[in-house]
Amino acid sequence: MPLIAPSLLAADFLQLQAACDMLNKSEADWFHLDIMDGRFVPNISYGPMLVEFFRKTTTKLCDVHLMIEEPGKYTKAFKDAGADSLTVHYEACPHLHSNIQQIKSLGMKAGVALNPHTPIELLKDILQDIDLVLIMSVNPGFGGQSFIPHTINKIKRMREMIDEQLLNVKIEVDGGVTLDNAKMIVDAGADVLVAGSSIFKTINPTQTITQLKAI
Ligand code: DX5
Ligand code: ZN
């Protein structure tokens, strides 16, 4: 049974309290919070201030996905805002090990995200230091895009690499996840499904979460 991490990016920002209430009452496991800086990705979302508000509404794990350059400059700010887990992009971190050490020293779970073109093999020597690999199944920056099919092979190979090393690293898949492709993604080895549009743009988001959970 996968963990479900709804992405609040797809919520109606004028109704955020209602969105949080719905998620809190639902079977969702994590709040997935997408931070975009307009540099690493061509879009700007929100920062630690909003994470702090989300933190106040929920006891569920706040899973913060940083799509920003120089994430090390903001690690403490997101910790102070209440992030439980902080994921940085491989492509934004020339000193990735140092970023991971910083995240862990502040008591958060550490994740590394890979863009669709980035090979999973590049994580071989950091895997033992992290809690989570986030495999992007769309190009980061926007919700509502279509799942890139070849990502499935990356998920399978990532699962093999983690299992070969007998590690307890979760695989999270983010982008274009729907009720139609969720089973294929879980069968490939995903532990955590991020879903934005396929939850918030449906008539009954709570029911969609239940259905994703039952995949
Ligand atoms: C994309 C973000 C995703 C996004 C997913 O850059 O990282 O978390 O919100 O949205 P959907 O599920 O609509 O693809
Ligand atoms: Zn995300």
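Everything discussed here concerns the structure shown above.
Note that the coordinates shown come from a computational prediction; the quantities given were computed from them, not determined experimentally.

Note that Asp21 resides in helix 1 (residues 16-25). Spatially, the C-alpha atoms of Asp21 and Ile120 are 36 Å apart, while their sequence positions differ by 99 residues.

This part takes up the site of ligand 1. Taken together, 20 residues form the shell around ligand 1, and within it Asp34, Gly141, Asp174, Gly196 and Ser197 come nearest. With respect to ligand 1, the side chain of His32 contributes an N or O atom lying 3.4 Å from an oxygen atom. In this structure, Gly144 approaches ligand 1 through a main-chain N or O atom, which is 2.8 Å from an oxygen atom. Compared with its free state, where it exposes 380 Å², ligand 1 has 99% of that area covered by protein. Elements with a contribution of two residues or more to the shell around ligand 1: strand 2 (30-36), strand 3 (61-67) and strand 8 (192-195). The residue inventory of the shell around ligand 1, partitioned by class, reads eight nonpolar, ten polar and two charged.

Turning to the packing of helix 1 against helix 2 (residues 48-57), a few remarks are in order. At a closest axis distance of 10 Å, the pairing of helix 1 and helix 2 adopts a crossing angle of 45 degrees. When the axes of helix 1 and helix 2 are compared, the pair comes out oblique. Here helix 1 and helix 2 pass one another in a crossing that is right-handed. Where helix 1 abuts helix 2, its residues Leu16, Gln17, Cys20 and Asn24 lie against Leu50, Phe54 and Thr57. Partitioning the contact of helix 1 with helix 2 into residue classes produces four nonpolar, three polar and no charged.

Across the five residues that make up strand 7 (residues 170-174), a large majority, four, are buried. Sheet topology places strand 6 (residues 132-136) next to strand 7; five bridges connect them, and they run parallel. In the strand pairing of strand 7, Met136 is matched with Asp174. In this sheet, strand 8 lies alongside strand 7 in parallel orientation, the contact comprising three bridges. Of the residues in strand 8, the one forming a bridge with Glu172 is Val192. Where the polypeptide runs from strand 7 across helix 6 (residues 182-188) and back to strand 8, its parallel neighbour, the crossover connection is right-handed.

One pass over the full model with this rule turns up two aromatic pairs. Plain terms: the ring middles of Phe13 and Tyr46 are 6.0 Å apart, the flat faces sit at 50 degrees to each other, and that makes the pair tilted. With a gap of 33 residues between them, Phe13 in the loop between strand 1 (3-6) and helix 1 and Tyr46 in the loop between strand 2 and helix 2 connect regions that are remote in the sequence. Overall, the relative accessible area of 10% leaves Tyr46 in the buried class. A cation over an aromatic ring shows up here: Lys56 above the ring of Phe53, its NZ or CZ 5.4 Å from the ring centre.

Reading the values: the criteria
- Residues numbered from 1 in each chain as written.
- Chains lettered and ligands numbered in written order.
- Predicted model: local features only at pLDDT ≥ 70, side-chain atom pairs only at ≥ 80, totals over all residues.
- Heavy atoms only, no water.
- Helix = DSSP H or I, 4+ residues; strand = E, 2+ residues; numbered from the N terminus.
- Near = heavy atom within 4 Å.
- Polar contact = N/O pair within 3.5 Å; in protein donor to acceptor, adjacent residues only side chain to side chain.
- Areas by Shrake-Rupley, 256 points an atom, 1.4 Å probe, with all protein chains shown as cover.
- Nonpolar A, V, L, I, M, F, W, Y, C, P; charged D, E, K, R; others polar.
- Axes fitted to C-alpha atoms, helices over the stretch in contact; angles between N-to-C directions.
- Parallel < 35°, antiparallel > 145°, perpendicular 65-115°, else oblique.
- Left-handed = near helix turned anticlockwise from the far one by under 90°.
- Contact = heavy atoms within 4.5 Å.
- Buried < 20%, exposed > 50% of the residue type's maximum accessible area, 1.4 Å probe, protein only.
- Pairing = 2+ DSSP bridges.
- Right-handed = clockwise from strand over helix to strand, strands pointing away.
- Phe/Tyr/Trp six-rings, centres within 6.5 Å; stacked < 30°, edge-to-face > 60°.
- Lys NZ or Arg CZ within 6 Å of the ring centre and 35° of its normal.

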